[in-house]
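Structure at a glance
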Amino acid sequence: MRNLFPILTVVAAIFVIWYGAAVALNAPWAKDQAKRAGVELTFSELVADTWSQKKPKLPAPHQVTAEIWKTTGEMVAKGRAFSKRSLIYHSWITLSATMLGFVMGTGFGILLAIGIVYNRVMDMSVMPWVIASQTIPILAIAPMIIVVLNAVGISGLLPKAMISMYLSFFPVVVGMVKGLRSPDQMQLDQMRTWNATAGQQFWRLRLPSSMPFLFASLKVAMAASLVGAIVGELPTGAVAGLGARLLAGSYYGQTIQIWSALIMAAALAACLVAMIGMIQRMTLKRMGMAQ
Amino acid sequence: MMWIAIGVISWLIGWRANVWLAAQPTSRFTTLMVPVIFGLTLVMIWEAAVRGFEISPVLLPAPSVIAVTFVQSLDILWQDFVQTVIKGALSGYILGCGSAFLIAIVIDRFPFLQRGLLPVGNFVAALPIVGMAPILVMWFGFDWQSKAAVVVVMVFFPMLVNTVEGLQATDKMQRDLMRTYASSYMQTLLKLRLPAAMPFIFNGLKITTTLALIGAIVAEFFGSPIKGMGFRISTSVGQLALDLVWAEIVVAAIVGSAFYGGVAKLEKALTFWHPSQRG
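- As recorded in an unreviewed UniProt entry, chain B goes by the name Putative aliphatic sulfonates transport permease protein SsuC, listed as coming from Thalassovita mediterranea.
- Quoted verbatim from the Subcellular location (unreviewed entry) heading of the UniProt record, the comment on chain B is "Cell membrane".

- In the nomenclature of an unreviewed UniProt entry, chain A is known as Putative aliphatic sulfonates transport permease protein SsuC of Thalassovita mediterranea.
- Regarding chain A, the relevant UniProt record gives this comment under Sequence similarities (unreviewed entry): "Belongs to the binding-protein-dependent transport system permease family."
- Checking UniProt for chain A, the heading Subcellular location (unreviewed entry) contains the comment "Cell membrane".

Here is the structure:
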């Protein structure tokens, strides 16, 4: 609550800068138009024009909001929430690829982490490659994965989900390895004095104590997964999804459409990360680990 | 048939060798050799599988084919490297990290900004900023300037958040000591707080190396002059020249690792006194 006022100030400042920048960036076009028409623009006319152009360099926030409302709320009101012109439809396409990739990546990452923690050979051979692979710009191979999988006959959701999986599985591996190793020698010894089997040691000590690490990396993985899905939609030729909206918008100079897709993607990311945060708080509270 | 046999044999040899090496007492030699053998085994299996199962080069070229293409198209790769990495990624990285660093110091001076900007910065750092790419390409044109701009936007917030966090890393006792020395704000900043922030700053610098490359490459998918790694990847995929794509990916991998490694080396040299570097 203490932070609310400063945050609101900053957000307000962002909007002021945004409106100001819209005037500055769109003014040349407005002046040019006015000159061709042979009229002189007063300052207020100029501002009004820069905030209501059809293809502005930088659309004003209210234009973007109107566009988002037109492609979501109005569509729902007309009962066409899932028509191809609706942003909800495109968000849903991206969201489904994101979630599928996220689930696959998390599952794969946890399995790999367990292998790394329990098997010395795997630890020594795989772990350096996992870390090295984080330094590689993996997104660069997104177009190739899409095209190759298409050639094999796999298309639609799965190729995009593969890219999401690829991006989201690294943070999970690194976080889970750290988490599964977080119980100290004393706790492990305690398990041994209770004559715990390896399974019991895993389920009752290692897995529970890895939870804070898991959730921290899940948040990173979710954000990465969404980026993967959006980039994965670029090379498919702008068919459906938020990434496709971005690409189509940039082809036809529809800046308002680009911005509305961008804001939608941001909202989606915020919701997904917040959701994980909520699950994290609930789980840790029930496990008695909440701070 | 013979190639499949070779693949299976190299898998067995690599596996046995690693099991044996891992059982040896840990030394520099074993920690280096085990991952190397693992990587080599994977490449061998890849090569054998492509040849043995006669996988079309349109789907997955063999490593040897990629190596040949790599050597043959060195001039193209070099041209793309200069365009994307030196002009796009590196200039954007320096600009973005530099400005984030300076703004972080300003934010740190004013608690109001700190409480307001930091949550917003944290929020923005989690957003899919790559999406800004088409807009920035529209604003700054097709050449490397727009790529540098995308990189600036991508590296700015992670770097900002890390630096601000680092500047708060000193504890009350240390700051009180500086006050008893009657040191000015600048002296405290230069002699206590910046050095203490170094590990955090380098953490930010390391995270953003990969982001910089990703930003520069992805921005080229939205339009670029007829050179650049992202351009080459997207057009070669269209021409089904996958060996060239893989060669570009090899370049990206080498550059990415070298970039990260270079920053890590610099960190080691500058923060040799920090507990995380001693050990």
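More follows now that the structure is in view.
Some thoughts on the overall build of chain A
- The number of helices and strands found in chain A is 12 helices and 0 strands.
- Overall, chain A shows an N-to-C arrangement of helices and strands of α-α-α-α-α-α-α-α-α-α-α-α.
- Here chain A has a C-alpha radius of gyration of 25 Å; the compact-globule value for 291 residues is 19 Å, and the former is much larger.
- Structurally, chain A occupies a C-alpha span of about 90 × 55 × 40 Å along its principal axes.
- When the accessible surface of chain A is split by element, carbon and sulfur atoms take 68% of a total near 14700 Å².
- Separation of charge centres in chain A, based on 24 positive and 10 negative side chains, amounts to 8 Å.

Topic: the domain arrangement of chain A
Residue and element names in this part refer to chain A.
- Partitioning chain A into structural domains gives domain 1 (4-58) and domain 2 (87-286).
- The C-alpha-based centres of domain 1 and domain 2 are spaced at 39 Å.
- Across the boundary between the two partners, domain 1 contributes 7 residues, which contact 7 residues of domain 2.
- When domain 1 packs against domain 2, close to 460 Å² is buried across both sides, 60% of that on carbon and sulfur atoms.
- The largest contributions to the domain 1 side of the interface with domain 2 come from Trp 18, Lys 55 and Pro 56, which together make up 65% of the buried area.
- The interface formed by domain 1 and domain 2 includes 0 salt bridges.

Quick notes on the domain arrangement of chain B
- Parsing chain B into structural domains produces domain 1 (2-56) and domain 2 (70-270).
- Taken over C-alpha atoms, the centre of domain 1 of chain B sits 35 Å from the centre of domain 2 of chain B.

A short note on the pattern of salt bridges
- Scanning the model with the defined rule gives 10 salt bridges over all chains in all.
- With a shortest N-O distance of 3.3 Å, Arg 36 of chain A and Asp 32 of chain A are connected by a salt bridge. Residue Arg 36 of chain A and its partner Asp 32 of chain A are located together in helix α1 (residues 4-37), separated by 4 residues, close to a single helical turn.
- Residue classification places Asp 32 of chain A among the partly exposed positions, given a relative accessible area of 31%.
- Between Asp 176 of chain B and Arg 179 of chain B there is a salt bridge, with the nearest N and O atoms lying 3.4 Å from each other. With Asp 176 of chain B and Arg 179 of chain B both in helix α8 (residues 172-180) and 3 residues apart, this pair spans about one turn of that helix.
- For Asp 176 of chain B, a relative accessible area of 33% translates into the label partly exposed.
- Salt bridges linked by common partners bring Lys 172, Asp 176 and Arg 179 of chain B together as one network.

Analysis parameters
- Going along each chain's sequence as written, the residues are numbered from 1 onward.
- Here chains are named by letter from A upward and ligands by number from 1 upward, in the order in which they appear as written.
- Per-residue local features are limited, in this predicted model, to residues with pLDDT of at least 70; the limit for side-chain atom pairs, both in listing and counting, is 80 or more; totals at the level of whole chains, interfaces and linings are taken over all residues.
- With hydrogens and water excluded, all non-hydrogen atoms of the structure serve as input to the side-chain values.
- UniProt positions are given in the numbering used here, feature names are shortened, and annotations may be inferred rather than shown by experiment.
- Numbering of helices and strands runs from the N terminus, with a helix taken as a DSSP run of H or I at least four residues long and a strand as a DSSP run of E at least two residues long.
- For a compact globule the rule gives 2.2 Å times the number of residues to the power 0.38, and the radius of gyration it is set against comes from C-alpha atoms.
- For the accessible areas, the method is Shrake-Rupley and the probe is 1.4 Å, while residue cover comes only from the protein chains on display.
- A positive count includes Lys and Arg, and a negative count includes Asp and Glu. His and the chain ends are not counted in either.
- For the purpose of locating charges, the reference atoms are NZ of Lys, CZ of Arg, CG of Asp and CD of Glu.
- An automatic or database domain assignment supplies the start and end points of every domain.
- Only heavy atoms enter the contact rule, under which two residues are in contact if any of them lie within 4.5 Å.
- A 1.4 Å probe defines the accessible area here, and the buried area is the portion of it lost by two parts on being joined, summed over both.
- What makes a salt bridge here is a side-chain nitrogen of Lys or Arg within 4 Å of a carboxyl oxygen of Asp or Glu, nothing more.
- Accessible area is worked out with a 1.4 Å probe on protein chains only. A residue is then buried under 20% of its type maximum, exposed over 50%, and partly exposed in between.

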